[in-house]
Amino acid sequence: MTTTVQITWDAASARRAERQFLAGPAGTGTPAAEVVGAMLGAHAQVLAAAEVSVGMRADGGTRADVRAALWDDRSLIKTYGPRGTVHLLPARELPLFSAALTAVPRGPSPFPPGVRLTEEQAGQVVTAIGDALDGRFLTLDELSEEVVARTGPWAGDRVMPAFQDLWPRWRQVMHRAGWAGTLCFGPNRGRKATYTRPLLGNLEAGPGVAAGTGGGADTGGGADTGNAGHTGGALHAFVHRYLHAYGPATPQHFARWLAAPTGWATALFGELAAAGRIEEVGFEGTPAWVAAGDTDFPDGPPRGVRLLPYFDAYVIAGQPRERLFPGAAYQRALGGGQAGNYPVLLVDGVVAGVWHQRRRGRRTTVTVEPLVGLTARQDRELGEQVERVGEVLEATPELVVGEVTVGPHA
């Protein structure tokens, strides 16, 4: 009789920290793309937050290194990733992300019938976006004109409620163009973002997916743009990558991280278990999964103080939330139950406070609100982390310990 391996929260959080360069930073000269790959993407709705996410994990890295990886050597790509939100992804792994994300079933449209796109219209828009951006860098307004010209006036109807405004109808599927590999961000033109089409043909395939998969237009059905074998291979590789970074995890954890249907995730894990690709373990008394054979964990909890920005990958994907946000942190730092609304102070792998930085010219004030008492050693480490934030942002930092008075997303 086989005994199920039992994993504690301390062991799991220690391994997650190790594998995401939080137990110790990546060595000097480690490419930003390697750090982002270990995180399985860096949330980049606010690029400065992504720069801190990456920089705090890399010895000596700064925001300039992240920008160079994005716009100079193009080893990073800014596009729509998990949950339909803007992420930095390793450019060479875009085919894997594209094939996996386009294969995730979509839920019902949140918009009323008079606003939403049909699946046929969605496919037309994604194709039009790719055609318009091929070899070009367009602002949003320029792209909108091109999409409407290639599809029809219906695409430009300003009916989509967003941020106290109305956006043109076609923008409902902008993220699906990113998933399909027909759109990514380009360098800003002045204060305006630009968009272009990634060159998937020049990229390496991720494990289990053929090069170029996902480079065609998304037809709106949630299927891979290649064949079904590529879809399965990409999804299986994607689950492996997720479990490597954030396991042990349940299908429910994976579904929440991906904003995918729980039933679909459960069936996917079942397929992988039947094929011997993943292995069940006990995780704090609950059945969970790791990649097959990946059952080596550290003996104790992670140690040290870390400052992580808005929507850092460690707190977005780390589960169970009540263990990652213990005690007062659950109310103070989760912001209505959603991780990432506040930058967080980590102490020994769990959230123990919030922080905020306000920049003025070449100086930045970092206000940290601990929710637990810090030892003398932890106080020193907090000071070192603040200095590191300053290095990443290329600013001179000042530490203030006290209440963070701004709200989420400030």
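Below, the structure is looked at part by part. Treat the numbers as computed from the prediction; the structure is a model and nothing was measured.

Cut-offs applied
- Residues numbered from 1 in each chain as written.
- Predicted model: local features only at pLDDT ≥ 70, side-chain atom pairs only at ≥ 80, totals over all residues.
- Heavy atoms only, no water.
- Helix = DSSP H or I, 4+ residues; strand = E, 2+ residues; numbered from the N terminus.
- Buried < 20%, exposed > 50% of the residue type's maximum accessible area, 1.4 Å probe, protein only.
- Contact = heavy atoms within 4.5 Å.
- Pairing = 2+ DSSP bridges.
- Phe/Tyr/Trp six-rings, centres within 6.5 Å; stacked < 30°, edge-to-face > 60°.
- Lys NZ or Arg CZ within 6 Å of the ring centre and 35° of its normal.

1. A short note on the environment of alanine 23
Inference 1: Examined against the element boundaries, alanine 23 turns out to sit in the loop between helix H1 (9-19) and helix H2 (32-39).
Inference 2: Residue alanine 23 is classed as partly exposed on the basis of its relative accessible area, which comes to 42%.
Inference 3: For the pair alanine 23 and proline 302, spaced 279 residues apart in the sequence, the C-alpha separation amounts to 6.6 Å.
Inference 4: Dropping the residues within four chain positions of it, alanine 23 is found in contact with Ala17, Glu18 and Arg306.

2. Looking at the sheet that holds strand E2 (residues 42-43)
Inference 1: Taken in spatial order, the three strands line up as E2-E4-E3 in an open sheet, and their pairing is antiparallel. Unpaired on one side and paired on the other, E2 and strand E3 (76-80) mark the two borders of the sheet.
Inference 2: Bridge count for E2 against strand E4 (residues 86-90) is two bridges, and the pairing is antiparallel. Each residue of the ladder has a partner; that of alanine 42, found in E4, is leucine 88.

3. Structural notes on the packing of aromatic side chains
Inference 1: One pass over the structure, following the stated rule, counts 11 aromatic pairs.
Inference 2: With 4.9 Å between their ring centres and 45° between their planes, phenylalanine 185 and tyrosine 195 make a pair best called tilted. Of this pair, phenylalanine 185 sits in strand E8 (residues 184-189) while tyrosine 195 sits in strand E9 (residues 192-196), placing them 10 residues apart in sequence.
Inference 3: For phenylalanine 185, a relative accessible area of 10% puts it in the buried group.
Inference 4: Exposure remark for tyrosine 195: the relative accessible area of 7% places this residue in the buried category.
Inference 5: An angle of 50° between the planes, with centres 5.7 Å apart, marks the rings of phenylalanine 254 and phenylalanine 269 as tilted. Taken together, the residues phenylalanine 254 in helix H10 (residues 251-258) and phenylalanine 269 in helix H11 (residues 262-274) connect sequence positions 15 residues apart.
Inference 6: Looking at phenylalanine 254, the relative accessible area reads 0%, which means it is buried.
Inference 7: Phenylalanine 269 sits in the buried class, given a relative accessible area of 2%.
Inference 8: Looking at arginine 15, its charged tip hangs above the ring of phenylalanine 297, at a distance of 3.7 Å from the centre.
Inference 9: A cation over an aromatic ring shows up here: lysine 78 above the ring of phenylalanine 185, its NZ or CZ 4.6 Å from the ring centre.

4. Section: the sheet that holds strand E1 (residues 6-7)
Inference 1: Strands sit in the order E1-E10-E11 across an open sheet of three strands; the sheet is mixed. A strand with exactly one partner marks an edge of an open sheet, and here the two such strands are E1 and strand E11 (286-291).
Inference 2: Inspection of the sheet shows strand E10 (residues 278-283) paired to E11 by six bridges, in the antiparallel sense. Residue pairing in the sheet places glycine 282 in a bridge with proline 287 of E11.

5. A few points about the environment of leucine 374
Inference 1: Topologically, leucine 374 is positioned in the loop between strand E15 (363-370) and helix H15 (376-393).
Inference 2: Each C-alpha atom of the pair leucine 374 and arginine 16 lies 23 Å from the other, and the pair is 358 residues apart in sequence.

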